[in-house]
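Spelled out, the chains give:
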Amino acid sequence: MDRTLILVKPDAFARGLTGEIIARFERKGLRIIALRHMTLARDLAETHYAEHSERPFFGELVDFITSGPLVAMVLEGPEAVRAARQVIGATNPLEAAPGSIRGDLAIEMGANMVHGSDSPESAACAPRTSRRSSGARPSS
């Protein structure tokens, strides 16, 4: 079985869509093996998005993901990364297929509801990163 990291981002959490988003992954057949409600600390967010550090949107990306509570979860299932990415949809919500999370629930690139690992390699690293207790603050 493969595993993948999913972050239900602050915009989805603020809109009360966390339960619907989690349900979509479960209906796909992915199993939740870990779940945590948290606010991501800046240093952990910078580490998580390090591959984008040279891009002009890096600061905005880190600001956004640390702007409020989120739900981090590790999902498991056959081809979990690929299956989760199908449920999530294209990065640009206006190009995402109807029926996908982003296609149905988002309209902006910067506030696109969900982060999902984009490869088995990043999925293998992400769960270790998400467990670092010094980088996460439990949300109240």
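Just above, that's the structure.
Residues numbered from 1 in each chain as written. Predicted model: local features only at pLDDT ≥ 70, side-chain atom pairs only at ≥ 80, totals over all residues. Heavy atoms only, no water.

Chemist: For the overall build of the protein chain, give the residues involved together with the corresponding values.
Modeler: Along the backbone of the protein chain there are seven helices and five strands. The N-to-C order of helical and strand elements in the protein chain reads β-α-α-β-α-α-β-α-α-β-α-β. Taking all 140 residues of the protein chain together, the buried fraction comes to 49%. Long-range pairs, those at least 24 residues apart, make up 76% of the contacts in the protein chain with a sequence separation of at least 6. Carbon and sulfur atoms make up 52% of the accessible area of the protein chain, which totals about 7300 Å². (Helix = DSSP H or I, 4+ residues; strand = E, 2+ residues; numbered from the N terminus. Buried < 20%, exposed > 50% of the residue type's maximum accessible area, 1.4 Å probe, protein only. Contact = heavy atoms within 4.5 Å. Areas by Shrake-Rupley, 256 points an atom, 1.4 Å probe, with all protein chains shown as cover.)

Chemist: Describe the nonpolar core, with residues and values.
Modeler: Formed by 21 residues in total, the largest nonpolar core has its most connected members in Ile6, Ile21, Phe25, Ile101, Met113 and Val114. Mapped onto this core, the elements with two or more residues apiece are β1 (2–8), α2 (18–28), β3 (70–77), α5 (80–88) and α6 (101–105). Element by element, the count of residues in this core is highest for α5, at five residues. The contacts of Ile21, once residues within four sequence positions are left out, are Val8, Ala12, Ile101, Leu105, Met113 and Val114. Counting residues in hydrophobic clusters, the runner-up holds 14 residues, among them Leu44, Phe58, Val62 and Val74. (Core = buried A, V, L, I, M, F, W, Y, C linked by side-chain atoms within 4.5 Å.)

Chemist: Lay out α2 in plain terms, naming residues and giving numbers.
Modeler: Buried within α2 we find Thr18, Ile21, Ile22, Arg24 and Phe25. The arc that holds the buried residues of α2, viewed along the axis, is 150°, so those residues lie on one side. (Arc of directions from axis to C-beta.)

Chemist: Quick one: what's the story with the side chain of Ser117, residue by residue and with numbers?
Modeler: In this fold, Ser117 is placed in the loop between β4 (114–116) and α7 (120–130). On the basis of relative accessibility, which here comes to 3%, the residue Ser117 falls in the buried class. In this structure the side chain of Ser117 is engaged in a polar contact, spanning 3.5 Å, whose partner is the side chain of Thr4. (Polar contact = N/O pair within 3.5 Å; in protein donor to acceptor, adjacent residues only side chain to side chain.)

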